[in-house]
2 protein chains.
Amino acid sequence: MTAASLFAIPGSQDEVETGTSLAPRFDAHGLITAIATDVASGEVVMVAHMNEAALAKTIATREAWFWSRSRKELWRKGLTSGNTLEVVELRVDCDQDAVLLKVRIAGDQVACHQGYRSCFYRTVPLGAAPSAETKLAFDDTMPRVVPKA
Amino acid sequence: MTAASLFAIPGSQDEVETGTSLAPRFDAHGLITAIATDVASGEVVMVAHMNEAALAKTIATREAWFWSRSRKELWRKGLTSGNTLEVVELRVDCDQDAVLLKVRIAGDQVACHQGYRSCFYRTVPLGAAPSAETKLAFDDTMPRVVPKA
């Protein structure tokens, strides 16, 4: 089986956006954006990337697999930390270059390697032009475990 | 003012992930991923990209601006459709290559140019290996308006 047979080949924009074929539009690096939300709270917990193999494995196994751009390897989320992501629902966006995963987090119930429930643990002040002095604020209400060394 | 002065320059990984400086890590194309969620429901409504100028405008104006990769232009979301996005909260992720916007959608209360509340209006079947025959299912419960011609 060739890699190309894992998914339909994207057709016209109209076909991609209004059709029923799963025809992911991988970018020049062979990647699509993958957003994970906690199925219980709806909170966005992380964003990562999938290549063809990661998307296919995620669909087949209901466990979240990603492509690590830094390590350049296929990566089953949570393999070392225990915080695997069970995929309850998977959606594709209009132009099929992004997917949305609704997940149940196993283990410590945190998705970020910094130990926070979500990777989005800092807020940006709004209403004034940003500068090199702009200061982020930590969300002290977010559940966190001490990251493993 | 040079573009570089809009934000701090990213330092070490530890500084980027555990510090309080807003130091976005734009990719080789000068972009970061931007995810918008409806502030009321928490639903992910769209994903797009921001360049330095789009992020700076969003922060200063509390209105969502993106960079259109297809049109290669700065883009105030909703300028033609009326479905602008008021940014209530903005967060940055651990490695500062993605931002999360909690938004109030104006106009028709839909974020997708296909008229749906969210761009993620189709689900992918799980539990079996995908193929060119995999069929998406439309979410018939999602609010929709007829797209403008």
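Think of each chain on its own: its residues are numbered from 1, step by step along the sequence as written. Chain letters start at A and ligand numbers start at 1, both assigned in the order the entries are written. At least 70 in pLDDT is required for a residue's local features to be given in this predicted model, at least 80 for side-chain atom pairs to be given and counted, and no such filter applies to totals for whole chains, interfaces and linings, which use all residues. Just so you know, side-chain values use all the structure's heavy atoms and leave hydrogens and water out.

A.B. asks: Honestly, the sheet that holds strand 2 (residues 44-50) of chain B in this entry has me stumped. Any pointers?
C.D. replies: Hydrogen bonds between backbone atoms are what pair the strands of a sheet, whose relative direction is either parallel or antiparallel. Should DSSP find at least two bridges between two strands, the strands are regarded as paired. The helix count covers DSSP runs of H or I at least four residues long, the strand count covers runs of E at least two residues long, and both are numbered beginning at the N terminus. Ordered by their spatial adjacency, six strands build an open sheet running 8(A)-7(A)-5(B)-6(B)-1(B)-2(B), and the pairing between neighbours is mixed. A strand with exactly one partner marks an edge of an open sheet, and here the two such strands are strand 8 (137-138) of chain A together with strand 2 of chain B. One ladder, built from seven bridges, connects strand 5 (residues 85-92) of chain B with strand 6 (residues 98-105) of chain B; its direction is antiparallel. Bridge pairing in strand 6 of chain B links B:Glu89 to B:Lys102. Helix-sheet contacts for helix 2 (residues 52-61) of chain B involve strand 1 (32-38), strand 2, strand 5 and strand 6 of chain B, and the interaxial angle to strand 2 of chain B is about 125°. Residue contacts are counted whenever heavy atoms from the two residues lie within 4.5 Å of one another. Think of each axis as a best-fit line through the C-alpha atoms, taken over the contacting stretch in the case of a helix, with angles from 0 to 180 degrees between the N-to-C directions.

A.B. asks: Mind showing me how you'd approach the relation of the copies chain B and chain A here?
C.D. replies: Each of the two chain copies goes to the other by way of a rotation about an axis and a shift along it. We superpose the copies by least squares over the C-alpha atoms of residues that have a pLDDT of at least 70 in both of them. For the pair chain B and chain A, the superposition axis carries a translation of 0.0 Å, the fit reaches an RMSD of 0.0 Å, and the rotation angle comes to 180°. Here the transformation between the copies is reduced to the relation of a two-fold axis. Judged by C-alpha distance, B:Gly42 is the residue of chain B that lies nearest the rotation axis, at 2.9 Å.

A.B. asks: In this structure, what is going on with unusual backbone geometry? I would like to understand it.
C.D. replies: Glycine aside, residues mostly have negative phi, and peptide bonds are mostly found in the trans state. For A:Lys72, which is not glycine, the phi dihedral falls at a positive 50°. Position of A:Lys72 among the secondary structure elements: in the loop between strand 3 (65-68) and strand 4 (73-76).

A.B. asks: So what exactly am I meant to see when it comes to the interface of chain B and chain A here?
C.D. replies: Interfaces are often sized by the amount of accessible area the parts lose when they come together. Each partner contributes residues to the interface: chain B has 61 residues there, and chain A has 61 residues. Summing the contributions of chain B and of chain A, the shared interface buries around 5,100 Å²; its carbon and sulfur component is 58%. Put simply, buried area is the surface a 1.4 Å probe can reach on two separate parts but cannot reach once they are joined, added for both. Counting the surface chain B buries against chain A, the share from its top three residues, B:Phe120, B:Arg122 and B:Leu126, is 14%. By definition, a salt bridge exists where a carboxyl oxygen of Asp or Glu is found within 4 Å of a side-chain nitrogen of Lys or Arg. Counting across the interface, chain B meets chain A through four salt bridges. Note that B:Arg91 and A:Asp139 form a salt bridge whose closest N and O atoms lie 3.0 Å from each other. Secondary-structure elements contributing two or more residues to the side of chain B that touches chain A are helix 1 (13-18), strand 1, strand 2, helix 2, strand 5, strand 6 and strand 7 (122-123) of chain B.

A.B. asks: Just checking my understanding: could you explain the confidence of the model for chain A for this structure?
C.D. replies: Low-pLDDT stretches of the model should not have their predicted coordinates read in fine detail. A residue-level look at chain A finds 95% of positions with pLDDT of 70 or above and a mean pLDDT of 94. Two summary scores accompany this predicted model of the complex, namely pTM at 0.95 and ipTM at 0.94. Each residue carries a pLDDT score, the predictor's confidence in it, ranging from 0 to 100.

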